[in-house]
Amino acid sequence: MSTPGYLDVHAHFVTDSYVRQARAAGHELPDGVPAWPTWSAEAHLALMDRCGIETSMLSVSSPGIHFGDDTAARALAREVNEDGAETVRAHPGRFGLFASLPLPDVAGALTEIAYAYDTLGADGVVLETNTHGTYLGNPDLEPVWAELDRRGAVVFLHPTSPVCWEQSALGRPRPMVEFIFDTARTVTDLLMSGTLDRYRNLTVIVPHCGGALPVLADRINGFMKMFMPAGTDAPDAVAQLQRLYYDLAGPALPRQLPALLNLVGTDRLLYGSDHCWTPAAGVEAHIAGLDAAPAPEGHPDWRTLTTANARRVLSRTA
């Protein structure tokens, strides 16, 4: 049996219009990165063919689509979702779409969920770890989680800069460290708020091998138990984290992936490239490293393992 192509759950696209609007809103150097990437479906497909990537799930990365105005965010969400859906239609089987939502605008998000699923046929949604300081466990977002749960949605989390980045990033690009901790921050918020425990019909994908979560899981679990009301059974944060899925984007080897495997089983691992924000050469090197690394016992290789997991996850939305 031939080795399957990778199914990439963490892939991004940008359009000229999106970049223009983000720059106009002050994101000239997005998250402190020196320049915006360029993207085309043709160049992305060429990279996929070189690397043996069968399908890429497209989403808009940080800084997201809400730049401070709800009306503008609704319009931009609709624009990028329609652009992404058109790319999917133009290249059957090669691309999928995780739709953007104009959070923290709840009414706008609910409207866009319906349009993304019922009109565009989206495969899931992408949620930034926070929007203007509203993290994903915020009670104001409860209607959004309820609707996503009703639809059995695939929810791909993506990090962005925290509101305190001017002090915490120390002048360095925020994806280096801030993204990793903002991922842990928003997932911890989902745990502490009970959101993950209430909405078990969701499939949540955490990026970058879980960020800092693998090494913080026991600490989070202990604090959750400390802060539960007297006489209340404490939820098991580690068990909840073990129900989530994790992509392998970024420098997964040699240290981060083994740490993740101390937290979750191999059935929770998915491939992610982070292209176009990770340049083509970085994607090629990342895949070469995975292809050369021994797979966990019982699995022939990382391609077969992660692709089977991703097909199972995405078949829920088919």
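Residues numbered from 1 in each chain as written. Predicted model: local features only at pLDDT ≥ 70, side-chain atom pairs only at ≥ 80, totals over all residues. Heavy atoms only, no water.

In this structure, what is going on with the pairing of strand 7 (residues 154-158)? I would like to understand it.
Remember that side chains alternate between the two faces of the sheet whenever the strand is regular. Within strand 7, five of the five residues are buried, which leaves it mostly tucked inside the rest of the structure. Covered by surrounding structure in strand 7 are Val154, Phe156 and His158 together with Val155 and Leu157, the residues of both alternating faces. For strand 4 (residues 124-128) and strand 7, the ladder comprises four bridges, and the chain directions are parallel. Bridging across to strand 7, Glu128 finds its partner in His158. Looking at chain direction, strand 7 and strand 8 (residues 203-206) are connected through three bridges and run parallel. Along strand 8, the bridge assignment pairs Phe156 with Ile205. (Buried < 20%, exposed > 50% of the residue type's maximum accessible area, 1.4 Å probe, protein only. Helix = DSSP H or I, 4+ residues; strand = E, 2+ residues; numbered from the N terminus. Pairing = 2+ DSSP bridges.)

Sorry, what's going on with the sheet that holds strand 3 (residues 95-100) here?
The strands making up a sheet are joined through hydrogen bonds of the backbone, oriented either antiparallel or parallel. Spatial strand order, 1-2-3-4-7-8-9-10: eight strands in an open sheet with parallel pairing. Two strands in the sheet have a free side with no partner beyond their single neighbour: strand 1 (6-12) and strand 10 (269-270). Bridging between strand 1 and strand 2 (residues 53-59) involves five bridges; their strand directions are parallel. Of the residues in strand 2, the one forming a bridge with Tyr6 is Ile53. The strands touched by helix 13 (residues 302-314) are strand 1, strand 2, strand 3, strand 7, strand 8, strand 9 (245-247) and strand 10; relative to strand 1, the strand with the most contacts, the crossing angle is about 70°. (Contact = heavy atoms within 4.5 Å. Axes fitted to C-alpha atoms, helices over the stretch in contact; angles between N-to-C directions.)

Explanation requested: the nonpolar core in the structure shown.
One broad rule of soluble globular proteins: the nonpolar side chains tend to lie buried together. Counting residues in hydrophobic clusters, the biggest one holds 82 residues, and the most contacted among them are Leu127, Trp145, Leu148 and Val155. Ranked by the residues each element gives to this core, the list is headed by helix 4 (residues 106-118), at six residues. Those residues in contact with Leu148 that sit more than four places away from it in its chain are Ile113, Val125, Leu127, Ala153, Val155 and Leu202. Counting residues in hydrophobic clusters, the runner-up holds 13 residues, among them Val9, Val154, Leu270 and Leu314. (Core = buried A, V, L, I, M, F, W, Y, C linked by side-chain atoms within 4.5 Å.)

Got a minute to help me understand the packing of aromatic side chains in this structure?
Two descriptors summarise a pair of aromatic rings, namely the distance from one centre to the other and the angle between the planes of the rings. Applying the stated criterion to the full structure yields eight aromatic pairs. With centroids separated by 6.5 Å and ring planes inclined at 65°, the aromatic side chains of Trp39 and Phe95 adopt a geometry described as edge-to-face. Taken together, the positions of Trp39 in the loop between helix 1 (16-24) and helix 2 (41-51) and Phe95 in strand 3 put the pair 56 residues apart, joining distant regions of the chain. Residues Phe223 and Phe227 carry aromatic rings whose centres are separated by 6.3 Å and whose planes lie at 15° to one another, so their mutual orientation is stacked. Over the ring of Tyr115 we find Arg78, and its NZ or CZ is 3.7 Å from the ring centre. Geometry around Trp165 places Arg174 over its ring, the cationic atom sitting 3.5 Å from the centre. (Phe/Tyr/Trp six-rings, centres within 6.5 Å; stacked < 30°, edge-to-face > 60°. Lys NZ or Arg CZ within 6 Å of the ring centre and 35° of its normal.)

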